[in-house]
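Topology and contacts: notes
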Amino acid sequence: MEEYMKRALELAKLGEGRVNPNPLVGAVIVKDGRIIGEGYHKAFGGPHAEVNAFSNALEDVTGAHMYVTLEPCSHYGKTPPCAKAIVEKRIKKVTIAMKDPNPMVSGNGIDILRKNGIEVEVGVMEEEAKALNEIFIKYITTKLPFCILKTASTLDGKISTFSGDSKWITGEKSREYVHQIRNKISSIMVGIETVIKDNPSLTTRIKDKKGRNPIRIIIDSKGRIPLDAKLLYEEGSTIIVTTQKASDEKLIKLKELGVEIIKTPLRNERVDLNYLMKELGERKIDSILLEGGGTLSYSALKEGIVDKVMTFIAPKIIGGRDSKTPVEGDGIEFMKDAINLKNIEVQRFDEDILIQGYLK
């Protein structure tokens, strides 16, 4: 049984970066011990996994067993309800990894199936399904983006030398992995100091295939971004987040370049990050990869907008009292108040180590 659900989860992953803010869903149809149909949710607004599995079926699905990673939808949205389609196709049994956390669905799809005589089993590989859709679960239940804080530092906790040189701290494989993450999430966020110092493109570059560029979000409370910054001319969308401190003249010029402006109230003389999260959620931006620098990272942690931390550590030592660190700001005064992580995972990328976990 887990063999078929594992396959459904593999299929669901194929939709990464293409379905936001919808969930990743895969479906497998089994009959007489054989897979006769497979499908996954390919793109936002397109057919759901169950419908694609029916379309790809090699034979009549009557009496078959369907495995699906998320409870079939029960409401009319951009597509008709999948629970209704399953009933019409006369599926005999449906095994579901997890209930849909969407209040519009949760339990309703299962009820429709059972009321129509279909056997339903829920909870097979549930934890794996929840991990796959951690972004969707946060967004659909709070309407706030899932925020990943990503840092890269040397063994002694530095993100650059005292002269400001930071290329490259981590190796090629680590950097390739980060671009794969960029390809999956909705947006990438940096502070204005990073833009001024590094002049990054903030695009997705993946070997042998075209990456999908996330929306670029720049935290710039005073409107200091140079008008010749590379990211302003890259393919895709850019949002400058600022405050009343930015000049109207500068903002007009940015708008002429096709940049979207979000003005937030001032909080501690900076952009109000919690206000911003609500604004981004309303724009259906369900996820953020926060890539620094140290001041913004500290503010994000202090304001409680971070859900997950990914820290790459390279086996290098550069030292220097003036060398930058991943998280700066005022810092924590007492060790008992330190920000702790849970569910820690460790991964290797050649010589680099990735440590990731979730905020408690």
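Definitions and limits used
- Residues numbered from 1 in each chain as written.
- Predicted model: local features only at pLDDT ≥ 70, side-chain atom pairs only at ≥ 80, totals over all residues.
- Heavy atoms only, no water.
- UniProt positions renumbered as here; feature names shortened; annotations may be inferred.
- Helix = DSSP H or I, 4+ residues; strand = E, 2+ residues; numbered from the N terminus.
- Rg over C-alpha atoms; globule rule 2.2 N^0.38 Å.
- Buried < 20%, exposed > 50% of the residue type's maximum accessible area, 1.4 Å probe, protein only.
- Contact = heavy atoms within 4.5 Å.
- Pairing = 2+ DSSP bridges.
- Polar contact = N/O pair within 3.5 Å; in protein donor to acceptor, adjacent residues only side chain to side chain.
- Axes fitted to C-alpha atoms, helices over the stretch in contact; angles between N-to-C directions.
- Phe/Tyr/Trp six-rings, centres within 6.5 Å; stacked < 30°, edge-to-face > 60°.
- Lys NZ or Arg CZ within 6 Å of the ring centre and 35° of its normal.

- If you look the chain up in an unreviewed UniProt entry, it shows as Riboflavin biosynthesis protein RibD from Clostridium malenominatum.
- You can read under Function (unreviewed entry) in the UniProt record for the chain the words "Converts 2,5-diamino-6-(ribosylamino)-4(3h)-pyrimidinone 5'-phosphate into 5-amino-6-(ribosylamino)-2,4(1h,3h)-pyrimidinedione 5'-phosphate."
- Under the UniProt heading Subunit (unreviewed entry), the note attached to the chain is "Homodimer."

**Let's talk about the overall build of the chain**
- The secondary structure content of the chain amounts to eleven helices and 18 strands.
- For 360 residues, the compact-globule formula gives about 21 Å, and the C-alpha radius of gyration of the chain, at 23 Å, lands near that figure.
- Considering the chain as a whole, with its 360 residues, one finds that 51% of them fall into the buried category.
- Contacts in the chain between residues far apart in sequence, at least 24 positions, make up 68% of those at least 6 positions apart.

**A short note on the pairing of strand S2 (residues 34-40)**
- Both strand S1 (residues 26-31) and S2 contribute to a ladder of six bridges, which runs antiparallel. Bridge pairing links Val30 to Ile35 in S2.
- Between S1 and the antiparallel strand that follows it, S2, lie two residues; Asp32 among them carries a positive phi value of about 55°.

**A short note on the side chain of Glu303**
- Position of Glu303 among the secondary structure elements: in helix H11 (residues 294-303).
- Here Arg267 takes part through its side chain, which lies 2.8 Å from a polar atom of the side chain of Glu303.
- For Glu303, the residues in contact, after removing those within four places along its chain, are Arg267, Asn268, Leu273 and Asn274.

**A word on the sheet that holds strand S5 (residues 119-122)**
- Reading across from one edge, S2-S1-S3-S4-S5 is the order of the five strands in this open sheet, with mixed pairing throughout. Every interior strand has two partners, whereas the edge strands, S2 and S5, have only one. Each strand axis lies, on average, 15° off the axis of its neighbour in the sheet, ignoring direction.
- Summarising the sheet, strand S4 (residues 93-98) and S5 pair through four bridges and their orientation is parallel. Residue pairing in the sheet places Ile96 in a bridge with Val122 of S5.
- Along the sheet face, helix H4 (residues 108-115) touches S4 and S5 and points at about 150° away from the line of S5.

**Things to note about the packing of aromatic side chains**
- Applying the stated criterion across every chain yields a total of four aromatic pairs.
- The interplanar angle of 50° and the centroid separation of 6.0 Å between the aromatic rings of Phe312 and Phe349 together place this pair among those described as tilted. Here Phe349 lies in strand S17 (residues 341-349) and Phe312 lies in strand S16 (residues 308-314), a separation of 37 residues in the sequence. Phe349 carries the same exposure label as Phe312, and that label is buried.
- These aromatic residues form a ring-pair network of at least three members: Tyr177, Phe312 and Phe349.
- Taking the ring centre of Phe54 as reference, the NZ or CZ of Lys89 above it sits at 5.8 Å.
- Lying over the aromatic face of Trp168, Lys167 brings its terminal NZ or CZ to 5.4 Å of the ring centre.

**Let's talk about the sheet that holds strand S10 (residues 215-219)**
- Ordered by their spatial adjacency, nine strands build an open sheet running S12-S11-S10-S7-S15-S6-S16-S18-S17, and the pairing between neighbours is mixed. The open sheet has two edge strands, strand S12 (260-263) and S17, and neither has a second partner. Averaged over all neighbouring strand pairs, the angle between strand axes comes to 20°, with direction disregarded.
- Bridge analysis of strand S6 (residues 146-154) against strand S15 (residues 287-290) gives four bridges, and the strand direction is parallel. Residue pairing across strands places Ile148 opposite Leu289, the latter belonging to S15.
- Strand contacts of helix H7 (residues 172-184): S6, strand S7 (187-191), S15, S16, S17 and strand S18 (352-359), with the helix running at about 160° to S16, the strand carrying the most contacts.
- Together, S7, S10, strand S11 (238-242), S12 and S15 form the strand contacts of helix H10 (residues 273-282), whose direction differs from that of S12 by roughly 135°.

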